Amino acid sequence: MTIETYYPNLNVKHLLDKIRQEALRQNLALGVPSAPVPPPPPATGELVLKGDFDREAINNQIDYIEGFIKTAESRAAVRNQLPEKFGRFPWLLFKPLQALALKILNTIFRDQREVNFNLASALRECLQLNRQLLSEVENLRSQSRRDLENLMAFSQSLSGYSQAVEKNLVNNTQNLEEKLHNFECQTKEREVRIQEYFQQRLQALESEYQDQLQILDQRWGDIGNHIQEQTQEQLQILDQRWGDIGNHIQEQTQEQLQNLDRKWGDIGNHIQEQTEEQLQNLDQKWKELAYLGQEKLERQMRESEERSFQNIHYLQIDLIQQKRLLGKFWEGGIPQLSQPLSPELKPAITTELDHSLDAFYAAFEERFRGSRAVIHQRLAVYLPLLKEAQIAPGDSLVLDLGCGRGEWLELLRQNGYKALGIDLNQVVVAECQQRCLDVREADIIDYLQSLDDNSVALVTGFHLIEHLPFEILMKLLSESFRVLRPRGMVIFETPNPANVLVGSCNFYFDPTHRNPLPSLMTQFLAQYSGFSPVNILNLNPSTDTPIVEDSETAKRFNEYFYGPMDYAIIGYKL
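Notes on the structure in this doc start here. Keep in mind it's a predicted model, so treat the numbers as computed, not measured.

Conventions used here
Residues numbered from 1 in each chain as written. Predicted model: local features only at pLDDT ≥ 70, side-chain atom pairs only at ≥ 80, totals over all residues. Heavy atoms only, no water. Helix = DSSP H or I, 4+ residues; strand = E, 2+ residues; numbered from the N terminus. Areas by Shrake-Rupley, 256 points an atom, 1.4 Å probe, with all protein chains shown as cover. Pairing = 2+ DSSP bridges. Axes fitted to C-alpha atoms, helices over the stretch in contact; angles between N-to-C directions. Contact = heavy atoms within 4.5 Å. Patch = residues over 30% accessible without salt bridge, like charges linked within 9 Å, V, L, I, M, F, W, Y side chains within 5 Å. Salt bridge = Lys/Arg side-chain N within 4 Å of Asp/Glu carboxyl O. Buried < 20%, exposed > 50% of the residue type's maximum accessible area, 1.4 Å probe, protein only. Left-handed = near helix turned anticlockwise from the far one by under 90°. Nonpolar A, V, L, I, M, F, W, Y, C, P; charged D, E, K, R; others polar. Core = buried A, V, L, I, M, F, W, Y, C linked by side-chain atoms within 4.5 Å.

1. Considerations on the overall build of the chain
Part 1 of the argument: For the chain, the count of helices and strands is 16 helices and seven strands.
Part 2 of the argument: When the accessible area of the chain is evaluated, it comes to approximately 39800 Å², of which 55% is carbon and sulfur surface.

2. Looking at the sheet that holds strand β4 (residues 456-462)
Part 1 of the argument: The seven strands lie next to each other as β3-β2-β1-β4-β5-β7-β6, forming an open sheet whose pairing is mixed. At either end of the open sheet lies a strand with only one pairing partner, and these are β3 (439-441) and β6 (534-541). The average angle at which neighbouring strand axes cross in this sheet is 20 degrees, direction not considered.
Part 2 of the argument: Taken together, the four bridges between strand β1 (residues 397-401) and β4 define a ladder with parallel strand orientation. Note that in β4 the partner of L397 across the bridge is V456.

3. Quick word on the environment of G503
Part 1 of the argument: For G503, the location among the structural elements is in helix α14 (residues 500-504).
Part 2 of the argument: Sequence-wise, G503 and L517 are 14 residues apart; in three dimensions their C-alpha atoms are separated by 9.2 Å.
Part 3 of the argument: Setting aside its immediate chain neighbours within four residues, G503 contacts N496, P497, Y508 and P516.

4. Some words on a nonpolar patch on the surface
Part 1 of the argument: Side chains of L148, L151, M152, F154, L158, Y161, V165 and L169 sit close together on the surface and give an oily, nonpolar patch of about 820 Å² of accessible area.
Part 2 of the argument: Tracing the sequence through the fold places V165 in helix α5 (residues 110-332).

5. Side note on the pattern of salt bridges
Part 1 of the argument: Within this structure, the stated rule accounts for 10 salt bridges.
Part 2 of the argument: Across the pair K555 and D550 runs a salt bridge, and its minimum N-O distance is 3.8 Å.
Part 3 of the argument: Given the relative accessible area of 47%, K555 is considered partly exposed.
Part 4 of the argument: Among the charged side chains, a network of salt bridges with common partners joins E366, R405 and E407.

6. What to know about helix α10 (residues 407-414)
Part 1 of the argument: Counted residue by residue, α10 has six buried out of eight residues, so it is predominantly covered.
Part 2 of the argument: On the buried face of α10, the contacting elements are α8 (372-379), α9 (383-388), β1, β2 (419-423), β3 and β4.
Part 3 of the argument: Of the residues flanking the end of α10, it is G416, one or two places downstream, whose phi is positive at about 85 degrees.

7. Quick word on the packing of α8 against α10
Part 1 of the argument: It is the contact of α8 with α10, at a shortest axis distance of 9 Å, that shows an interaxial angle of 65 degrees. The element α8 and its partner α10 pack so that their crossing is right-handed. Contact with α8, carried on its side by R372, I375, H376 and L379, involves E407, W408, E410 and L411 of α10 and no other residues of that element.
Part 2 of the argument: Across the contact of α8 with α10, the residue classes break down as four nonpolar, one polar and three charged.

8. Examining the nonpolar core
Part 1 of the argument: Ranked by size, the top nonpolar core spans 30 residues in total, and within it L399, L401, I444, V459, L476 and F492 carry the most contacts.
Part 2 of the argument: When residues of this core are traced back to their parent elements, those giving at least two are β1, β2, α12 (444-450), β4, α13 (470-483), β5 (484-495), α15 (519-528) and β7 (564-573).
Part 3 of the argument: Broken down by element, the residue count for this core peaks at five residues, all from α13.
Part 4 of the argument: Non-local contacts of L476, meaning those with residues more than four positions away in its chain, are made with L401, I444, I445, L448, L464, I465, L468 and F492.

Dropping the structure here:
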């Protein structure tokens, strides 16, 4: 139990000052020797550590305070004798009473001694705590210095490492730039050497050809001179021997002339063969160059004609639609220019405005869907399914919803089927009718609802259902099931979102597409509408080259990125 328990409001500092003053006063008054008090430290102040501190100065302050505590402890001890001055005269007269006075004095100051002793004990404990705190602070400061030195060393090493890395990066960059510059210089030198080599080769061929011609000319001149010299010599010999051996000379002359004629013919034939061969080579090279130039020119002309045809076709489509709009407005709008539009004219104009994008979508399909021959080839895969379903040519009606440009209708007509196309796009309907195809402009749901039950053998829709809202899609399936005859069949083809490129990019290339339709979901919708069985036919695999590697990862990658780009559901009505 400490002194604070009894005196919670005690001011220790004030009390120390009082004890110090009282001790000095009593020492001076009584002349009693007290415990030696150390001199005060040169620098006094509070024990507050701010930045660097002087441990020796702090220890001096603590020793100074400890001296006062020892003085207080000596004063708190029980007195065994009175001060020395009481042993002199006249105090010696009261010596019998000194023992009693000493006891009375000890009794009177007993509580004060206890208080002084408790205060001295508390202050000594405080000093011990201060010494411990001072040691902890010094340890912490030492540890902080070591940590700071380690941190500075690490910072210096890190700075050196960063400078080395930066220097290496600069050196590598300079090396790469130098290598790139050397590579460009080497490439340019190689190009120059190659050009020089071909030019030298061409010049060598030309000079070789000229040399051969000069050699032939020289040989021809030598042969002619040689023949002329031999003829002159023979004539001279004949003149000398004419009188004696005329007949013999004439025979030899004829034989020599024949030999000369034969040699001349051989030389002429050889020269002619070489000349003809070189002319043939030059003619062949010229033909090859002319063929390549003509082929390139024809390809450029075909591309230009195709672009021109597409542009003209787009303009024709747009012009047809504009004429239709102007005709509608001219028939009902001109008489009413001075008055509001009649209720009969407003729906007609609204209907025409609903078809304002017909020309755009027709041009879009013409540009990106593919040629009619390619679409015929893709759609031919469904013809064997019609035979398997026992849908014979000339049988009941085949209905193609959203027929577009009419490729499927043409294919059905070529195979003897009776087919009808339905589409809302006025431009494609007009084009199909120009091709003598049975196509009508109507809404597919309205037209299906106008048909009788069990009246159609086959209902098809190619790249149609991805354009429809979900409610219209469900109504399309239910109405198709209603109008189909028993053992009838439906075919709906749509992009395959299981192909990652199709599902994430190519599907949204058509601005009129709504949502990708996974094959299993579309199969379930058909089954829910009553079709059974419903098969999934994957179509049109990617034409890009897949990864050639025998691993599970490569197989899955090829399946997701190079798999079928379209699929079709094929449902039957039992």
